[in-house]
Amino acid sequence: MSQTVRQIAELRNSVRRWRRKGESIAMVPTMGALHAGHLALVEAARQSADRIIVTIFVNPAQFAEGEDLGRYPRAEAGDLEKLRPFDPDIVFAPSAEEIYPQGFDTAISVGGPSSGLESDTRPQFFTGVATVVTKLLLAGLPDLATFGEKDYQQLLVVKKLVRDLNIPTTIIACPTIREPDGLALSSRNAYLSADERAAAPLLFETLGKLAGQIGGGAAIDDATAQATGDLERAGFDIDYLTVRNARTLEPVSDPATEPLRALVAARLGSTRLIDNVAVPRNSDADK
Ligand code: PAF
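Engineer: What exactly am I supposed to notice about the site of the ligand here?
Structural biologist: In the vicinity of the ligand, the contacting residues are Pro29, Thr30, Met31, Asn59, Gln62, Val129, Val132, Phe147 and Gln154. Residue Gln62 places a side-chain N or O atom 2.7 Å away from an oxygen atom belonging to the ligand. In the model, an oxygen atom of the ligand is placed 2.7 Å from a nitrogen or oxygen of the Gln154 side chain. For the shell around the ligand, the elements supplying multiple residues, two or more each, are strand S2 (25-30) and helix H6 (125-140). Its residues assigned to classes, the shell around the ligand comprises 5 nonpolar, 4 polar and no charged.

Engineer: Quick question: what am I supposed to make of the sheet that holds S2 here?
Structural biologist: Strands belonging to one sheet form pairs held by backbone hydrogen bonds; the direction of such a pair is parallel or antiparallel. Strand order across the open sheet formed by 6 strands is S1-S4-S3-S2-S5-S6, with parallel pairing between neighbours. With one partner strand each, in any of the chains shown, strand S1 (3-5) and strand S6 (170-174) form the two edges of the open sheet. Taken pair by pair, the neighbouring strands of this sheet meet at an average axis angle of 25°, ignoring direction. Across 3 bridges, the pairing between strand S3 (residues 51-56) and strand S4 (residues 90-92) is parallel. Looking at the pairing, Val54 lines up with Val91 of S4. Lying on the sheet, H6 is in contact with S2, S3, S4 and strand S5 (144-148); it crosses S2 at an angle near 150°.

Engineer: I would appreciate a short explanation of the packing of aromatic side chains in the present structure.
Structural biologist: Between two aromatic rings, the relevant description is the distance of the centres plus the angle of the planes. Under the definition given, this model contains 4 aromatic pairs. Ring plane angle 50° and centroid distance 6.2 Å describe the contact between Phe57 and Tyr100, whose orientation is recorded as tilted. Taken as a pair, Phe57 in the loop between S3 and helix H3 (76-83) and Tyr100 in the loop between helix H4 (96-99) and helix H5 (118-121) lie far apart in primary sequence, 43 residues in all. Ring centres 5.8 Å apart and planes at 75° place the aromatic pair Phe63 and Tyr72 in the edge-to-face group. Side by side, Phe63 and Tyr72 carry an identical accessibility label, which is buried. Members of the aromatic cluster, each reached through a chain of ring pairs, are Phe57, Tyr100 and Phe104. The ring of Phe204 has Arg178 lying over it, and the distance from NZ or CZ to the ring centre is 3.6 Å.

Engineer: Help me understand the side chain of Asn276, please; the structure alone is not making it clear to me.
Structural biologist: Take Asn276: it is sitting in strand S9 (residues 271-278). Looking at Asn276, its side chain comes within polar contact range of the main-chain oxygen of Lys150, at 3.1 Å. For Asn276, the side chain forms a polar contact with the side chain of Arg261, separated by 2.8 Å. If we ignore the near neighbours within four places in the chain, the residues touching Asn276 are Glu149, Lys150, Tyr152, Arg178, Leu207, Arg261, Ala262 and Leu263.

Engineer: Help me out: how do you make sense of the sheet that holds strand S8 (residues 260-268) in this one?
Structural biologist: Strand order in the open sheet formed by 3 strands is S7-S8-S9, with antiparallel pairing between adjacent strands. Edge strands, defined here as strands with exactly one partner in the open sheet, are strand S7 (237-245) and S9. When strand polarity is set aside, the average angle formed by the axes of neighbouring strands in this sheet is 10°. Strand direction decides the pairing type here: S8 and S9, joined by 8 bridges, are antiparallel. Residue pairing in the sheet places Ala265 in a bridge with Ile274 of S9.

Reading the values: rules and limits
- Residues numbered from 1 in each chain as written.
- Predicted model: local features only at pLDDT ≥ 70, side-chain atom pairs only at ≥ 80, totals over all residues.
- Heavy atoms only, no water.
- Near = heavy atom within 4 Å.
- Polar contact = N/O pair within 3.5 Å; in protein donor to acceptor, adjacent residues only side chain to side chain.
- Helix = DSSP H or I, 4+ residues; strand = E, 2+ residues; numbered from the N terminus.
- Nonpolar A, V, L, I, M, F, W, Y, C, P; charged D, E, K, R; others polar.
- Pairing = 2+ DSSP bridges.
- Axes fitted to C-alpha atoms, helices over the stretch in contact; angles between N-to-C directions.
- Contact = heavy atoms within 4.5 Å.
- Phe/Tyr/Trp six-rings, centres within 6.5 Å; stacked < 30°, edge-to-face > 60°.
- Buried < 20%, exposed > 50% of the residue type's maximum accessible area, 1.4 Å probe, protein only.
- Lys NZ or Arg CZ within 6 Å of the ring centre and 35° of its normal.

Right, here's the structure in full:
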């Protein structure tokens, strides 16, 4: 049965014991309010390591003033219930004071893929994510950690920080899990009204159409402008809808040779949704 641990020192004691026995460790960082997307990350971790640590921590450092920190869903008892079938060894659910004790005054700022896109709207976001992910990885020193492709820019930022800081953890990317109508699972979907929920799958549908057109040779600017119009007419307020180099997130210079990713962030009412898909290579689009 999994043990809920609140303190870093206690987590480290277990990790030390496991290491002495030569066991491998996987970590699944989450902010709780778990859904099937998170559980797929836990399952992927379970496939690859002897011991599993799931972290549940709503990280104040990645929310700006006026964002949804206060209303972000918190459901620890329900989360523990959902995790039960996966039997993680430890659920690490620290307090904010444990992670950011009085006097805490350090931040991890990652360059490269953290610039633009999410950062244009949420300038503090990746520093907050990078700081907490660094703390969690240093607390558990896992061999691997699983992150979802749903937060594609976050995934690249975490990969970069691990590489740049020589943190000995392999980052495993897991595919986005979707509702049957295509909407990417997200804890924030709970904010959608019934009408917004009905409109929301258009985001993925439009992204898929855009990726297919570009994979089939359409000009990126033209196809993106058309997709933007489609979403705006359906009531989406778009922060960005763009096609970027899938490895760096830089603007595309040679669509024929670069790996490409289509990414979107848009609001429906007060709910901000993000999603992304791979652009198929020409040869894939022909299939
Ligand atoms: O993706 C999330 O849930 C969070 O950004 C993470 C990685 C757990 C850091 O707080």
